[in-house]
Amino acid sequence: MALTQDKYKALEAIVGSENISEEPALLDGYTFQILAEMMRASGGTRFMPHRPEAVVLPGSTEEVQAIVKACNRLGIKFKAISTGWGPYNAPSCEGVVLLDMVRMNRILDIDEKNMYAVVEPYVSWAQLQAELWKRGLNCMVIGAGCQTSALASITSFLGVGSGNFSMGYNARNSLGVEWVLPTGDILRLGSLGSTGEWFSGDGPGPSLRGLMRGERGAVGGLGIFTKCAIKAYNWPGPTVMPIEGIGPEYRLSGGLPDNVRTYLLTFDTKERRDDAIYRLGEAEVGYYQLNMGWGTMRMTMRALDKYLPTSEEEPNLVEDLPKGLILFSLVCNSPGEMEYQEKVL
């Protein structure tokens with residue numbers, strides 16, 4: 001169901017003619033979702049995103065607010081998308097206007113002293129991490145990939161990664177948040193709402209971070225987040241990662257720095273592996289921790305176009321592998337700390 005001319009013109013008046021479109025080919029591009037196609041190809045249940053009626057590109061919080069209020073007034077459904085990983089943020093019914101947040105792509109502030117960064121929706125983890133590393137800081141990049149939206153992970157969806165071991169889960173890394181509610185009102189959470197500063201996601205009064213995100217987030221169903229502050233962590237590693245080669249076959253040029261060491265830990269049972277993870281966490285050593293299994297190795301070999309066993313060979317190979325594998329990294333501030341952490345490990 002296409003938008004009527006008056007509804008289209010109302011949205012166009014907010015963002016300008018160059019930032020709105022209802023061209024069918026463009027809308028089809030937004031509808032295609034690779035993960036949905038992969039599920040269908042593997043025989044699973046396919047989630048079929050619906051084609052939006054139009055795509056709007058707001059450039060500021062004020063434009064987002066105006067669009068939401070116009071949609072409410074005109075009876076239009078809306079949903080926002082940032083970097084667009086997965087079908088979760090696509091329209092799930094007819095009659096939806098999609099807000100693509102691509103124009104809101106700035107890192108607004110990096111507070112080195114208080115260790116946080118303020119970002120807009122289209123800032124990717126790679127973009128943020130590269131700037132944080134230059135300042136001796138780091139962020140918790142989720143396993144969905146460095147190309148995904150940092151704000152979406154913090155405010156709206158789940159995601160885990162090897163950095164959880166030292167940097168926590170992103171539900172706990174959200175600080176101040178600017179949030180355009182479904183009504184079009186703007187809510188500023190935490191210290192942002194009371195002092196205009198971003199350093200805390202809570203207070204004064206009851207915290208709303210659980211309502212905003214909880215464990216998994218509302219996947220764009222509770223309005224639109226336009227800015228957020230993300231907790232940063234100490235990074236004593238290189239300010240620029242010295243890599244060479246073409247993806248996925250990247251290589252470190254010159255090897256690891258002296259204050260970075262990586263180990264492959266093997267266990268004869270998964271229970272012993274899990275016990276080791278708990279004990280290392282309690283001892284507060286280690287920076288990155290990644291559980292590995294045959295599936296991870298198989299995907300790596302496929303990505304690198306290396307040897308893959310035949311279906312007849314694979315069961316024997318899997319049987320011979322250790323039952324528990326951990327890729328474990330230490331990133332330390334001094335030789336003394338490295339000596340201590342290695343001893344504990």
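One can find the structure itself at the top, above this paragraph.
The paragraphs below set out a description of the structure included in this document. Quantities reported herein were computed from a predicted structural model and do not represent experimental measurements.

Before going further, it helps to examine the sheet that holds strand β15 (residues 288-292). Across the sheet, 3 strands lie side by side as β14-β16-β15; this open sheet has antiparallel pairing. A strand with exactly one partner marks an edge of an open sheet, and here the two such strands are β14 (260-267) and β15. Taking each pair of neighbouring strands and ignoring which way they run, the sheet shows an average axis angle of 15 degrees. Lying on the sheet, helix α10 (residues 270-283) is in contact with β14, β15 and β16 (324-331); it crosses β16 at an angle near 20 degrees.

This part covers the sheet that holds strand β9 (residues 186-189). Taken in spatial order, the 5 strands line up as β5-β6-β10-β8-β9 in an open sheet, and their pairing is antiparallel. Both outer strands of the open sheet, β5 (107-111) and β9, are each paired with one neighbouring strand and no more. The sheet shows a mean angle of 10 degrees between the axes of neighbouring strands, direction not considered. Taken together, the 5 bridges between strand β8 (residues 174-180) and strand β10 (residues 224-231) define a ladder with antiparallel strand orientation. Residue pairing for β10: Trp179 is matched across the bridge by Phe225. With respect to the sheet, helix α5 (residues 125-133) is in contact with β5, β6 (116-119) and β10, its orientation differing from that of β5 by roughly 35 degrees.

Extensive coverage of strand β3 (residues 77-81) is indicated by the burial of 4 of its 5 residues. Bridging between β3 and strand β4 (residues 96-100) involves 5 bridges; their strand directions are parallel. Bridging across to β4, Phe78 finds its partner in Val97.

Attention shifts here to the side chain of Arg213. If you trace the backbone, Arg213 turns up in the loop between α9 (209-212) and β10. Despite its burial, Arg213 remains without a salt bridge, the nearest opposite charge being carried by Glu215 at 7.8 Å. In terms of polar contacts, Arg213 uses its side chain to reach the backbone carbonyl oxygen of Phe157, at 2.5 Å.

Moving on, we get to the pairing of β6. Along a regular strand, successive side chains alternate from one face of the sheet to the other. Both faces of β6 are covered, namely the face carrying Tyr116 and Val118 and the face carrying Ala117 and Val119. Inspection of the sheet shows β5 paired to β6 by 4 bridges, in the antiparallel sense. Looking across to β6, one finds that Ile110 is bridged to Ala117. Turn length for the β5-β6 hairpin, with the two strands adjacent in sequence and antiparallel, is 4 residues, and the turn residue Met115 shows positive phi of about 60 degrees. The sheet contact formed by β6 and β10 spans 4 bridges and is antiparallel. Each residue of the ladder has a partner; that of Ala117, found in β10, is Ile230.

Cut-offs and rules
- Residues numbered from 1 in each chain as written.
- Predicted model: local features only at pLDDT ≥ 70, side-chain atom pairs only at ≥ 80, totals over all residues.
- Heavy atoms only, no water.
- Pairing = 2+ DSSP bridges.
- Helix = DSSP H or I, 4+ residues; strand = E, 2+ residues; numbered from the N terminus.
- Axes fitted to C-alpha atoms, helices over the stretch in contact; angles between N-to-C directions.
- Contact = heavy atoms within 4.5 Å.
- Buried < 20%, exposed > 50% of the residue type's maximum accessible area, 1.4 Å probe, protein only.
- Lys, Arg positive; Asp, Glu negative; His and termini not counted.
- Salt bridge = Lys/Arg side-chain N within 4 Å of Asp/Glu carboxyl O.
- Polar contact = N/O pair within 3.5 Å; in protein donor to acceptor, adjacent residues only side chain to side chain.

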